[in-house]
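Here is how the chains run, residue by residue.
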Amino acid sequence: MITPVLPTYARVNLEFERGEGCWLIATDGRRFLDFTAGIAVNVLGHANPYLVQALTEQAGKLWHTSNLFRISGGERLAERLIEATFADTVFFTNSGAEALECAIKMARRYQFVTGNAERNRIITFEGAFHGRTLATIAAGGNAKYMEGFGPDMPGFDQVPFGDLDAVKAAIGPTTAGILIEPVQGEGGVRVPPSSFLTTLRALCDEHGLLLILDEVQSGVGRTGRLFAHEWTGATPDIMAVAKGIGGGFPMGACLATENAAKGMTLGTHGSTYGGNPLAMAVGNAVLDKVLQPDFLEHVRQMSLRFTQMLAEVKDRHPAVISEIRGQGLLMGLKALVPAADLVVALREEGMLVPGAGDNVVRLLPPLVVTAEEIGIACQKIEAACQKIENELAHAPVKGAAE
Ligand SMILES: *Cc1c(COP(=O)(O)O)cnc(C)c1O
């Protein structure tokens, strides 16, 4: 019999009653160090008093009015995002996929209003993840996510990640833009060579294309800069943001330059909930913290410490971990055993981490993680590796009986 909740997730049989910073407390009382953070969402940790106050204060006043009326919290958040980034304008959404939908529509519409309606295809990259709507599964190009949902949404040309020659070869008279995650999250925490984005920027300028960045996972301080592309010097025309921007409240945003947004005129796009007062109150509160002068420096310091300590763990367990990758606190362990085994072993040690493609275990702590918690995480990773190694040593050798 089908479960009351549509069974599209393989859920762990574990439920939490509350959270405190980087910790989750299960209904049976067990405490878990949470390096999943709602999949890179809870940037300020769980039950952050400042966010709780912002949300509850707003909840007592007004939840929702629709976009038929002015929402001052949204005007303020948009102005602050513009001030902090390349962007001139912002559309608020409820999720990452919706932010990408807006970005894709905007890029096509830009070409349409500038007399290039035939330019409606977007170049994307293998291993990408852009969400689960019909357009974003086509953009991501993961066959597993597309199977049976045909006809596939047209308009996407996929090339290997980091392959400039393939990008050049894919650019044609119907190309509207290039869409890329500055760091692939779901795809396995893959960081392209540092010059890759700047070269894509140059190609876009040369061919009249729009550069669209998906910073849904890499944005809002996750890599140690407000947005990951800031490490490269290249700026996009359009950027999708979500996850961290709401700190756990469902929200997203599509940021753009005035030029890129020029097709998005009155009536061309909309959302009933997008940018509602509750979301805007929380979004502003998240920015209050993330924009504090020492916040990103803290992320960078914790990242450096974590990377150094993980390198030592890897050296002690070369049969389990082959590589430490990532940027800031968007980190990954490339495993030599099934990554899912490492996820389970870590959970048994009281630490929660998500998997990723390419046999990688992601490490996504809240950005407020302390040095002490980084130390505890490394002890747990060490213990999990040791346990897996012991099991490997005692496992019957395949083919030994022959
Ligand atoms: C999570 C994610 C999305 C989709 O966000 P949803 O809120 O689940 O729709 C899109 N792009 C990237 C890079 C993501 O990590």
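Residues numbered from 1 in each chain as written. Predicted model: local features only at pLDDT ≥ 70, side-chain atom pairs only at ≥ 80, totals over all residues. Heavy atoms only, no water.

The protein carries the name Acetylornithine aminotransferase in an unreviewed UniProt entry, which gives Azorhizobium oxalatiphilum as its organism. Word for word, the UniProt comment on the protein under Subunit (unreviewed entry) is "Homodimer." Per UniProt, the protein has the following entry under Pathway (unreviewed entry): "Amino-acid biosynthesis; L-arginine biosynthesis; N(2)-acetyl-L-ornithine from L-glutamate: step 4/4." (UniProt positions renumbered as here; feature names shortened; annotations may be inferred.)

Caption draft 1: Structural context of the pattern of salt bridges. In the structure shown here, the tally under the stated rule is 17 salt bridges. Residue arginine 30 is joined to aspartate 28 by a salt bridge in which the shortest nitrogen-to-oxygen separation is 3.0 Å. A residue is classified by how much of its surface remains accessible, and arginine 30, at 44% relative accessible area, is partly exposed. Assessed through its relative accessible area of 51%, aspartate 28 is described here as exposed. When salt bridges that share partners are traced, they join Glu17, Arg18, Glu20 and Arg31 into one network. (Salt bridge = Lys/Arg side-chain N within 4 Å of Asp/Glu carboxyl O. Buried < 20%, exposed > 50% of the residue type's maximum accessible area, 1.4 Å probe, protein only.)

Caption draft 2: Spatial organisation of the layout of surface pockets. Each pocket or cavity is described by its volume, and for the second largest pocket that value is around 690 Å³. Asn67, Thr89, Val90, Phe91 and Phe92 are the residues nearest the centre of the second largest pocket, which is lined by 27 residues in total. Of all the secondary structure elements, the ones that give two or more residues to the lining of the second largest pocket are α3 (72–84), β4 (89–93), α4 (96–113) and β10 (252–256). Here the lining of the second largest pocket gets 4 residues from one element, more than from any other, and that element is β4. Class assignment for the residues of the lining of the second largest pocket results in 14 nonpolar, 11 polar and 2 charged. (1 Å grid on protein atoms, 1.4 Å probe; cavity = no way out; pocket = protein on both sides within 12 Å on 5 of 7 lines; lining within 4 Å. Points joined across faces, edges and corners; volume = space filled by probe spheres on them. Helix = DSSP H or I, 4+ residues; strand = E, 2+ residues; numbered from the N terminus. Nonpolar A, V, L, I, M, F, W, Y, C, P; charged D, E, K, R; others polar.)

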